[in-house]
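Now for the letters of each chain:
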Amino acid sequence: MRETEYAYSVARIRANETALLAPADIEQLVSAPDYGSAVRLLADKGWAVPENGESFDIAERELTKAWELIAESAPDASLLEALVVANDFFNLKAAIKCVFSDRDPAEYYVYPCITDTQLITQAVTDCDFSELPEYLASCAQTAYEAVSKLESGQLAESVLDRASLEARLAFAKKSESALMMRIAGLYAACANIKTALRCRTMGKSDDFALDAMCDCGMNNRELLQSADGGDKLAEYLSSTEYGFLAESIKKGFAEFEKQCDNAIVSWLESAKYETFGPDPIIAYYFAKQAETKNVRIILSAKASGIPAETILQRVRDIYV
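Here, residues in each chain are numbered from 1, in the same order as that chain's written sequence. For a predicted model such as this one, the threshold for reporting local features is a pLDDT of at least 70, and the threshold for listing and counting side-chain atom pairs is 80 or more; totals across whole chains, interfaces and linings nevertheless cover every residue. Excluding hydrogens and water, the side-chain figures rest on all heavy atoms present in the structure.

Enquirer: Could you clarify how one ought to interpret the overall build of the protein in this entry?
Expert: Each helix and strand counted, the protein has 16 helices and 0 strands in total. Whereas a compact globule of 320 residues would reach a radius of gyration of roughly 20 Å, the protein reaches 20 Å, a difference of no more than 12%. Judged by the C-alpha coordinates and their principal axes, the protein covers about 50 × 50 × 50 Å. Here the protein holds 320 residues, and the buried ones make up 49% of them. Think of it this way: any DSSP run of H or I at least four residues long counts as a helix, any run of E at least two long counts as a strand, and we number them from the N terminus. Computation of the radius of gyration draws on C-alpha atoms, with the globule rule given as 2.2 Å multiplied by the number of residues to the power 0.38. For every residue, the accessible area (1.4 Å probe, protein chains only) is compared with the maximum for its type, and the residue is labelled buried under 20%, exposed over 50%, or partly exposed between those bounds.

Enquirer: I would appreciate a short explanation of the nonpolar core in the present structure.
Expert: Soluble, globular proteins show a tendency: their nonpolar side chains are buried together. Core analysis: the biggest nonpolar cluster contains 86 residues, and Ile70, Leu80, Leu83, Leu92 and Leu237 have the highest contact counts within it. With 12 residues, the single largest contributor to this core is helix 9 (residues 178–202). When checking whether two residues touch, look at their non-hydrogen atoms; a contact exists if any pair is within 4.5 Å. In contact with Leu237, other than residues within four places in its own chain, are Ile193, Met218, Tyr242, Gly243, Leu245, Ala246 and Ile249. Only buried Ala, Val, Leu, Ile, Met, Phe, Trp, Tyr and Cys residues count toward a nonpolar core, and they belong to the same one when joined by side-chain atoms within 4.5 Å. Counting residues in hydrophobic clusters, the runner-up holds 18 residues, among them Val30, Leu42, Phe56 and Ile311.

Enquirer: What exactly am I supposed to notice about the packing of aromatic side chains here?
Expert: Each aromatic ring pair is described using two quantities: the centre-to-centre distance and the angle formed by the ring planes. The aromatic pairing rule takes the rings of Phe, Tyr and Trp, using the six-membered ring of Trp, and pairs them if the centres are within 6.5 Å, calling planes under 30 degrees apart stacked, those over 60 edge-to-face and the rest tilted. Using the criterion set out here, one finds 8 aromatic pairs in the structure. Consider the rings of Trp67 and Tyr285, whose centres lie 6.2 Å apart with planes at 80°: the pair is edge-to-face. Of this pair, Trp67 sits in helix 4 (residues 58–73) while Tyr285 sits in helix 15 (residues 279–303), and the two are 218 residues apart along the sequence. Take Trp67: its relative accessible area is 10%, and that puts it in the buried class. Positioned above the aromatic ring of Phe171 is the side chain of Lys174, whose terminal nitrogen or guanidinium carbon lies 4.6 Å from the ring centre. We count a charge as sitting over a ring when the NZ of a lysine or the CZ of an arginine lies within 6 Å of the ring centre and within 35 degrees of the ring normal. Positioned over the ring face of Trp267 is Arg182, at 3.9 Å from the centre of the ring.

In structure tokens:
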């Protein structure tokens, strides 16, 4: 597809970028005296907030609006589905768990997503995955049987998590965007790093750990060996393209994940100045994703009475 074909979509995105929360807006939310005050500030910024007994996820609704804008304006939205495909796997996981615990999966589905959630519910209820898209159907049966036959929810999670990472990498490649591929690669690498650490902590076998890790260009066996303890993991990361994560991994998962998010925001900076191609659209969606993640962090902290100083340590950098 010619990059100029994205011109209309980029123009729409540019018009909507002005509504993104600025650093000053985030500081104002953090400084709000309580949860209700923070929600009112969001309403003043044009966010939809619950009224008259309504109940919905404020951040999720805002992110869904961003995806709908992209889907209606992009020349071929399917080339950008790497942005949301992970939610399909989350929804499949929720459906499998709910079927075996006699709960309604609709309460746990997340949006935006690609595959209709009713189709996922029906497929899992009937144990017939033939109507699901191939990227879901290929792992759904294995995950379902891990629960139904092996009684291993952990194995089912591992199967779906790996399949989700592999699908995002494949979808990113289809997009032909170097930015999208770089971001998908970071997500996969970060997931592998956390898997290696958790498997070592839980005493899982090397085979279990390696089966749970996806192929993202790193040497997974070396990664696993470096997760034994001490500074070995940081030393290993320093020798890879993900050396910028080495120091944060020493400080724990929270700091590590924050550094991953901040790295993505820094990569998006150059997309501000692009005129053609999909990168400005990709950057906008990730900007909304970072924004909504910050809003969730802030609102959750406000509801729990956490002080502003602590909240500031948890929020991510934003792209504006």
